[in-house]
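Examining the three-dimensional arrangement
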Amino acid sequence: MGSLLASVLPLALGAAISPTLLALQLLVLAGETKRIARGWALALGATLVLVGFIMVCATALTRIAPHHVHHSTTGAIVYFVAAALLLGLAVRSQLPRPTSGEQHHSKLAERLDAASTGWFVGAGALGMVVNFSTLVLVVPAVHLIKESEAGTAARLVATAMFVAVTLLPVVLPVLAVTVLGRRVDPALGAAHRWVTRNSRRIGVAIELIFALYLVSRGIRDLP
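Below is a short write-up of the structure. (Residues numbered from 1 in each chain as written. Predicted model: local features only at pLDDT ≥ 70, side-chain atom pairs only at ≥ 80, totals over all residues. Heavy atoms only, no water.)

1. Focus: a nonpolar patch on the surface
Together, Ile36, Trp40, Leu168, Leu172, Leu175, Val179 and Leu180 make up an exposed nonpolar region whose accessible area comes to about 580 Å². Of all the elements in the fold, those that place two or more residues in the nonpolar patch are α3 (35–64) and α9 (168–180). Residue contributions to the nonpolar patch peak at five residues, all from α9. (Patch = residues over 30% accessible without salt bridge, like charges linked within 9 Å, V, L, I, M, F, W, Y side chains within 5 Å. Areas by Shrake-Rupley, 256 points an atom, 1.4 Å probe, with all protein chains shown as cover. Salt bridge = Lys/Arg side-chain N within 4 Å of Asp/Glu carboxyl O. Helix = DSSP H or I, 4+ residues; strand = E, 2+ residues; numbered from the N terminus.)

In structure tokens form, the structure reads like this:
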């Protein structure tokens, strides 16, 4: 199980280091109205989409390659396609028009005062849907877990770890506010300003780094 977790962890960290959901959560927690309830609602929406997407990927990959084949051509294709998508996202981030994540951030800011708590479940779900770099990294992570020779329990643990790590940017801030209250407001405010200013640079760096990582994994999986 240790080797499986070690293989999945880098992808989980890459999926987590995405500014989209962190910026959304920090924006919600900067509000004055039911911010803790709204923050947890946002986290719930993101979790539902992530878990649902993992299930879809697992089903699709099982149908494409139902039998375990070490260093399979299918595995190499998964890595190469994911790498190409990340490179495409890096190029898209250099264009002057707003990204999908930035547009969603703007819409959430407009609705922040008037929206109901339940609305933020949908906002979190949509935030994960437009968090393309995270979703791209889900596919090779699911492939690694599915193709592992570890037992069912180990694969479930690896999946749970991937989900938990990926959701850290949306869970940790609201957890901090829940436990520590107003004491964390200055830190969260500073983090929000920094993430807002640097979101594109962060996204591009992660996309390029993990595109190279996936290419190297794909080469290793070539028959």
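More follows now that the structure is in view.
2. Regarding the nonpolar core
Core analysis: the largest hydrophobic core is formed by 52 residues, its most contacted members being Leu11, Leu86, Leu108, Met128, Phe162 and Leu214. Every element with two or more residues in this core is listed here: α1 (2–16), α2 (19–29), α3, α4 (73–93), α6 (119–129), α7 (132–147), α8 (152–166) and α10 (185–221). With nine residues, the top contributor of residues to this core is α3. Within the second largest apolar cluster, six residues are counted, among which are Leu26, Leu29, Val174 and Leu188. (Core = buried A, V, L, I, M, F, W, Y, C linked by side-chain atoms within 4.5 Å. Buried < 20%, exposed > 50% of the residue type's maximum accessible area, 1.4 Å probe, protein only.)

3. What about the packing of α3 against α7?
Two elements in contact, α3 and α7, have axes whose closest approach is 9 Å; the angle formed by their N-to-C orientations is 55°. Considering their axes alone, α3 and α7 lie oblique with respect to each other. Read as a crossing pair, α3 and α7 show a hand that is right-handed. When α3 is examined against α7, the residues Leu50, Phe53, Ile54, Cys57, Ala58, Leu61 and Thr62 are found in contact with a partner set consisting of Leu135, Val138, Val139, Val142, His143 and Lys146. Looking at side-chain class alone, the contact of α3 with α7 contains ten nonpolar, two polar and one charged residues. (Axes fitted to C-alpha atoms, helices over the stretch in contact; angles between N-to-C directions. Parallel < 35°, antiparallel > 145°, perpendicular 65-115°, else oblique. Left-handed = near helix turned anticlockwise from the far one by under 90°. Contact = heavy atoms within 4.5 Å. Nonpolar A, V, L, I, M, F, W, Y, C, P; charged D, E, K, R; others polar.)

4. Points about the side chain of Arg35
Tracing the chain through its elements places Arg35 in helix α3. For Arg35, the side chain forms a polar contact with the main-chain oxygen of Leu29, separated by 2.8 Å. Sequence-distant contacts of Arg35, that is, excluding residues within four places in its chain, are made with Val28, Leu29, Val177, Gly181, Arg182 and Asp185. (Polar contact = N/O pair within 3.5 Å; in protein donor to acceptor, adjacent residues only side chain to side chain.)

5. Considering the pattern of salt bridges
Note on pairing: side chains with opposite charge can pair once their charged atoms come close. One pass over the full model with this rule turns up three salt bridges. A salt bridge links Arg35 to Asp185, with the nearest nitrogen and oxygen atoms 3.0 Å apart. Taken together, the positions of Arg35 in helix α3 and Asp185 in helix α10 put the pair 150 residues apart, joining distant regions of the chain. On the basis of relative accessibility, which here comes to 8%, the residue Arg35 falls in the buried class. For Asp185, a relative accessible area of 23% translates into the label partly exposed. Linking Arg182 and Asp185 is a salt bridge whose minimum nitrogen-to-oxygen distance equals 3.0 Å.

6. With respect to α2
The buried fraction of α2 is high, at ten of eleven residues. Taken residue by residue, α2 has Pro19, Thr20, Leu21, Ala23, Leu24, Gln25, Leu26, Leu27, Val28 and Leu29 as its buried positions.

7. What about the environment of Ile202?
Structurally, Ile202 is set in helix α10. Each C-alpha atom of the pair Ile202 and Ile17 lies 8.0 Å from the other, and the pair is 185 residues apart in sequence. Setting aside chain neighbours within four positions, we find Ile202 in contact with Ile17, Pro19 and Trp194.

8. Describing the packing of α7 against α10
Where α7 contacts α10, the axes come no closer than 12 Å and their chain directions differ by 25°. With respect to their mutual orientation, α7 and α10 come out roughly parallel. At the point where α7 passes α10, the crossing takes the left-handed sense. Residues Ser133, Leu137, Pro140, His143 and Leu144 of α7 form the contact with α10, whose own contacting residues are Glu207, Phe210, Leu214, Arg217 and Asp221.

9. Focus on the packing of aromatic side chains
Under the counting rule described, the total for this entry stands at two aromatic pairs. Seen in terms of ring centroids, Trp119 and Phe120 are 5.1 Å apart; in terms of plane orientation they differ by 90°. Their pairing is edge-to-face. With relative accessibility at 26%, the residue Trp119 sits in the partly exposed group. The class for Phe120 is buried, based on a relative accessible area of 0%. Judged by centre distance (6.0 Å) and plane angle (70°), the ring pair of Phe210 and Tyr213 falls under edge-to-face. Here Tyr213 and Phe210 lie together in helix α10, a separation of three residues that amounts to about one turn. (Phe/Tyr/Trp six-rings, centres within 6.5 Å; stacked < 30°, edge-to-face > 60°.)

Such coordinate-based values are descriptive only and should not be taken to indicate function.
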